[in-house]
Amino acid sequence: MAPPATTPANEPSPSLQLTPALMSKLKPSRIFKNAVEPQTPPSPGSASPRPTQFGPRQISGVSFDDRGDQIITAAEDETFRLYNCKSGKRVKILYSKKYGVDLPRFTHKNTAILHASTKEDDTIRYHSLHDNKYLQYFKGHKGRVVSLEMSPVDDGFMSGSLDRTVRLWDLRSPNCRGLLNLPASPVIAYDASGLVFAVGVNQYSRILIYDQANFDKAPFMTITLEDPTLSLVSFPPRAIYMTSLAFSTNGKYLLVGCSGDAHYIMDAFSGHLLAKLEGHTGLERRKLDIPLNIEPSRGCSGEEVSWTPDSKFVISGSLDGRICVWDVQNLPVKPKPVDLKEHPLRLQPLATLDGHPGPSRCVKFNPRFAMMCTAGSELAFWLPDPNGDPEEIAKELLKKKMRLLSFFGLFLGSLAFVQNVVASPVESATGEPVVLAVAIFPEENAFGHVVNGERNKIFLAIENKSDKNVTLKSIAGSFHHPESNKLVKNTTSLNYGVPLLEGASMQLPYAFHSEFKPGDYRLNIWLEHVADGETYRVTAYDSIVSVVEPEGSWFDFQLLTTYLVVSGLLGGLAFYLYSTFVPQPKKRKTPQVSAPVGTVTATGAGGYQEEWIPEHHLKKSKKTKASGVATSGDETSGVESGTEGRRRKVKK
């Protein structure tokens with residue numbers, strides 16, 4: 001269940017405790033029918049390949065991020081889809097048609113995942129959801145990866161493959177930093193502290209417990225998984241095929257998921273088999289009408305069983321689509337040595353919920369909210385039903401009726417008092433008017449990223465629950481270090497001065513800028529309002545956000561402008577340096593003709609001053625031809641008068 005929309009200032013967010021009654025009232029609140037692309041039928045006349053699976057395509061893996069805000073699914077249609085758990089909407093679809101996708105696992109950032117490959121090779125891929133790019137490839141396995149787990153404390157992770165090896169990795173290096181060779185295909189799990197990990201070895205029914213710091217040494221504990229009750233069904237008893245391991249949050253118990261019709265809970269310290277969880281149908285097959293093989297197999301099992309965050313309940317899917325819930329709060333304590341012939345406690349489901357039309361292959365509980373996710377051929381989000389069970393409601397009404405007949409007068413008085421309390425406006429114990437506020441990022445910023453150098457928007461939904469009119473004074477915020485909570489910088493305060501009447505609600509935008517080193521920061525945004533001359537503060541947002549750099553583009557106007565300005569400055573500087581420090585060639589000076597001193601009068605027929613005309617131009621060359629073409633002397637002697645021209649014509 002999503003957290004309450006608003007919380008008054010200085011009050012912690014209310015928590016919801018998981019109880020048997022609440023777990024039995026889980027109902028699907030959102031169902032995604034198109035969570036998997038249907039298989040395209042072959043075209044008529046084409047040679048259709050042999051089918052590799054039975055029935056429709058299904059979701060093969062799901063994973064929540066650390067904060068429980070998002071969930072990602074991987075399906076047999078070679079896509080992984082991201083969903084927002086608070087809004088219940090799909091955020092984006094990403095494709096991996098070339099490599100395939102399986103076992104998606106969020107890293108400690110909600111923008112990156114690890115996933116195994118189903119085609120091309122058996123490489124583990126580190127993928128960025130933000131820009132849809134692969135960040136790293138982890139090569140080494142020679143068989144399909146069937147188990148993949150992220151360390152709960154650092155960037156290390158672990159993988160188990162059908163090549164009978166377990167490899168230890170680190171996100172910062174593509175090279176394997178640890179290798180375990182085993183006699184059969186393994187399944188793996190980290191404990192909550194990250195100091196210990198378990199490796200389950202099939203065909204030998206052994207669970208090896210290793211020290212993370214000394215994984216190159218022998219396991220410090222070996223647990224044998226042997227169920228004596230299986231011999232009551234058939235003899236020899238059918239072998240157990242382990243498909244998943246999961247430690248409880250307190251590290252005391254180890255949940256062993258199997259492909260058969262039972263799961264097991266082991267004591268992680270002593271190795272005792274404490275409980276056998278029955279009542280579901282295993283996922284060793286894809287359909288109920290398919291017969292079982294003699295030898296047990298993995299089938300489509302592996303993601304169908306998990307703990308609740310408080311480790312009080314175990315939830316599991318089933319081949320018939322049902323969801324089973326077991327209450328494991330009262331497990332037996334066995335201080336004596338391990339006896340493999342001792343029968344375990346056989347638990348039946350506390351509740352059996354109607355789930356999917358096909359197998360419920362993936363069942364996970366949100367790590368922070370009272371929300372369960374199940375997946376098969378479709379995806380479903382489950383929340384506790386606030387209306388409750390009709391039979392329980394009828395019983396409560398009957399009790400109230402009997403109480404009404406017995407204590408009519410007292411009941412009427414109590415009812416009047418209750419009605420008066422309910423009808424009265426809500427106020428805090430200190431007399432502060434209750435104004436509720438919650439801040440959410442817009443849908444286009446589903447990851448809640450704060451981009452450096454840009455205007456980041458967030459919207460505040462505000463509601464006045466008191467009987468007083470208040471004035472919304474301002475909205476402000478601050479960035480803090482995620483671990484030490486040390487103040488990094490305050491954001492700009494935006495003043496509103498908007499009145500908010502009694503019982504009214506509104507939505508206000510708030511924008512802020514960031515210029516920090518990329519990474520995770522704690523963002524706190526608050527609202528200040530005034531009532532009766534007193535100023536009160538209400539926290540609207542208090543969570544971890546990721547500060548990122550803006551995406552680069554050659555067509556960005558700001559970037560182009562910056563390039564032009566910088567290019568102009570560099571060009572001007574280069575010209576200045578060139579003209580200052582590079583020697584320039586000297587220009588040759590041409591002799592100038594000095595003007596005559598004194599008064600000069602115009603002479604000659606054309607009005608020329610002969611003192612300015614060179615001497616060789618004044619000499620008239622002899623006429624060599626009678627063509628009437630002017631010689632050089634004629635060209636420079638100026639404009640001829642009309643009389644001289646006529647004389648020359650007569651001579652010709």
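Residues numbered from 1 in each chain as written. Predicted model: local features only at pLDDT ≥ 70, side-chain atom pairs only at ≥ 80, totals over all residues. Heavy atoms only, no water.

### Considerations on the overall build of the protein chain
(1) Moving on: The helix and strand inventory of the protein chain stands at 7 helices and 38 strands.
(2) Moving on: Taking all contacts inside the protein chain whose residues are at least 6 apart in sequence as the whole, residues at least 24 apart take part in 55%.
(3) Moving on: Within the structure as shown, the protein chain displays about 36,900 Å² of accessible surface, and the carbon and sulfur contribution to it stands at 55%. (Helix = DSSP H or I, 4+ residues; strand = E, 2+ residues; numbered from the N terminus. Contact = heavy atoms within 4.5 Å. Areas by Shrake-Rupley, 256 points an atom, 1.4 Å probe, with all protein chains shown as cover.)

### Examining the pairing of strand 17 (residues 221–224)
(1) Moving on: Only one face of strand 17 is buried, namely the one carrying M221 and I223, since none of T222 and T224 on the opposite face is buried.
(2) Moving on: Bridge count for strand 16 (residues 206–211) against strand 17 is 4 bridges, and the pairing is antiparallel. Within the sheet, the bridge partner assigned to L208 lies in strand 17 and is T222. (Buried < 20%, exposed > 50% of the residue type's maximum accessible area, 1.4 Å probe, protein only. Pairing = 2+ DSSP bridges.)

### Describing the pairing of strand 9 (residues 133–138)
(1) Moving on: Where strand 8 (residues 124–128) meets strand 9, 5 bridges bridge the pair, whose relative direction is antiparallel. Residue pairing for strand 9: H127 is matched across the bridge by Y134.
(2) Moving on: Counted along the chain from strand 8 to the antiparallel partner strand 9, the turn is 4 residues long, and its residue N132 has a positive phi close to 55°.

### Here we look at the packing of aromatic side chains
(1) Moving on: This structure, assessed with the given rule, holds 16 aromatic pairs.
(2) Moving on: Between F138 and F157 the ring centres are 5.0 Å apart and the planes differ by 80°, which places this aromatic pair in the edge-to-face class. Of the two residues, F138 sits in strand 9 while F157 sits in strand 11 (residues 156–161), which places them 19 residues apart along the sequence. This pair shows no difference in class: F138 is buried, exactly as F157 is.
(3) Moving on: Here a set of aromatic residues connected by ring pairs shows up, and it is made of F479, Y510, F512, F516 and Y521.
(4) Moving on: Lying over the aromatic face of Y99, R125 brings its terminal NZ or CZ to 3.4 Å of the ring centre. (Phe/Tyr/Trp six-rings, centres within 6.5 Å; stacked < 30°, edge-to-face > 60°. Lys NZ or Arg CZ within 6 Å of the ring centre and 35° of its normal.)

### Structural notes on the sheet that holds strand 4 (residues 79–84)
(1) Moving on: The strand order across the open sheet formed by 4 strands is 2-3-4-5, and the pairing between neighbours is antiparallel. Each edge of the sheet is formed by a strand with only one pairing partner; in this case those strands are strand 2 (59–64) and strand 5 (89–95). Ignoring strand direction, the axes of neighbouring strands in this sheet form an average angle of 20°. (Axes fitted to C-alpha atoms, helices over the stretch in contact; angles between N-to-C directions.)

### What about the environment of T580?
(1) Moving on: Note on placement: T580 falls in helix 4 (residues 557–581).
(2) Moving on: One polar contact links the side chain of T580 to the main-chain carbonyl oxygen of Y576, over a distance of 2.6 Å. (Polar contact = N/O pair within 3.5 Å; in protein donor to acceptor, adjacent residues only side chain to side chain.)

### Details of the side chain of Q212
(1) Moving on: Of note, Q212 is situated in the loop between strand 16 and strand 17.
(2) Moving on: What Q212 contacts, discounting residues up to four positions off in sequence, is L168, R177, Y190, G194, L195, V196 and F197.

### What to know about the nonpolar core
(1) Moving on: Judged by nonpolar contacts, the single largest core of 28 residues is most densely connected at I458, L460, I462 and I525.
(2) Moving on: Here the element with the most residues in this core is strand 38 (residues 534–548); it accounts for 6 residues.
(3) Moving on: Not counting chain neighbours up to four residues away, the residues in contact with I458 comprise A439, I440, F441, L508, P509, Y510, F512, I525 and Y541.
(4) Moving on: Ranked by size, the runner-up nonpolar core spans 22 residues in total, among them A198, L230, I240 and A268. (Core = buried A, V, L, I, M, F, W, Y, C linked by side-chain atoms within 4.5 Å.)

### Re the side chain of R67
(1) Moving on: Residue placement: R67 occurs in the loop between strand 2 and strand 3 (70–75).
(2) Moving on: Although R67 lies buried, it forms no salt bridge, and the closest oppositely charged side chain, D69, sits 4.1 Å away as judged by the N-O distance. (Lys, Arg positive; Asp, Glu negative; His and termini not counted. Salt bridge = Lys/Arg side-chain N within 4 Å of Asp/Glu carboxyl O.)

### Focus on the sheet that holds strand 9
(1) Moving on: Reading across the sheet, the 4 strands line up as 6-7-8-9 and stay open at both edges, with antiparallel pairing between neighbours. The sheet is open, and its two edges are formed by strand 6 (102–106) and strand 9, each paired on a single side. Neighbour-to-neighbour, the strand axes of this sheet turn through a mean angle of 25°, independent of strand direction.

### Details of the pattern of salt bridges
(1) Moving on: In this structure the tally under the stated criterion is 24 salt bridges.
(2) Moving on: The partner of E149 in a salt bridge is R105, and the shortest N-O contact between them spans 4.0 Å. Here R105 lies in strand 6 and E149 lies in strand 10 (residues 145–150), a separation of 44 residues in the sequence.
(3) Moving on: In this structure, E278 engages K276 in a salt bridge whose closest nitrogen and oxygen atoms are separated by 3.5 Å. As far as the burial class goes, E278 and K276 line up, both buried.
(4) Moving on: Within the structure, one salt-bridge network assembled from shared partners comprises D227, K276, E278 and R346.

### Quick notes on the environment of K25
(1) Moving on: Among the structural elements, K25 can be located in the loop between helix 1 (20–23) and strand 1 (26–32).
(2) Moving on: Linking K25 and A351, residues 326 residues apart in sequence, is a C-alpha distance of 8.8 Å.

### Observations concerning a nonpolar patch on the surface
(1) Moving on: The grouping of L573, Y576, L577 and F581 at the surface amounts to a nonpolar patch, some 460 Å² of accessible area in total.
(2) Moving on: Here F581 lies in helix 4.
(3) Moving on: Here F581 falls in the exposed class, since its relative accessible area comes to 63%. (Patch = residues over 30% accessible without salt bridge, like charges linked within 9 Å, V, L, I, M, F, W, Y side chains within 5 Å.)

### Quick word on unusual backbone geometry
(1) Moving on: Looking along the chain, the bond that leaves F235 and enters P236 is cis, with omega of 0°.
(2) Moving on: For P236, the position within the fold is in the loop between strand 17 and strand 18 (242–247).
(3) Moving on: Unlike most non-glycine residues, R164 shows phi in positive territory, near 70°.
(4) Moving on: Considering the arrangement of structural elements, one finds R164 in the loop between strand 11 and strand 12 (165–170).

### With respect to the state of the cysteines
(1) Moving on: Going through the model one piece at a time under the given rule, you end up with 0 disulfides.
(2) Moving on: For C85, which is in no disulfide, the shortest distance to another cysteine sulfur is to C373 and amounts to 7.5 Å.
(3) Moving on: Relative accessible area serves as the criterion here: at 10%, C85 is assigned to the buried category. (Disulfide = S-S within 2.5 Å.)

### Quick look at the confidence of the model for the protein chain
(1) Moving on: Confidence in the prediction for the protein chain averages 80 pLDDT; 78% of positions are at 70 or higher.
(2) Moving on: For the stretch residues 1–12, pLDDT sits under 50, and the model shows 27 contacts to residues farther than four places along the chain or on other chains.
(3) Moving on: Under a pLDDT of 50 for its full length, residues 405–429 has, in the predicted model, 13 contacts with residues more than four places off or in other chains. (pLDDT = per-residue confidence, 0-100.)

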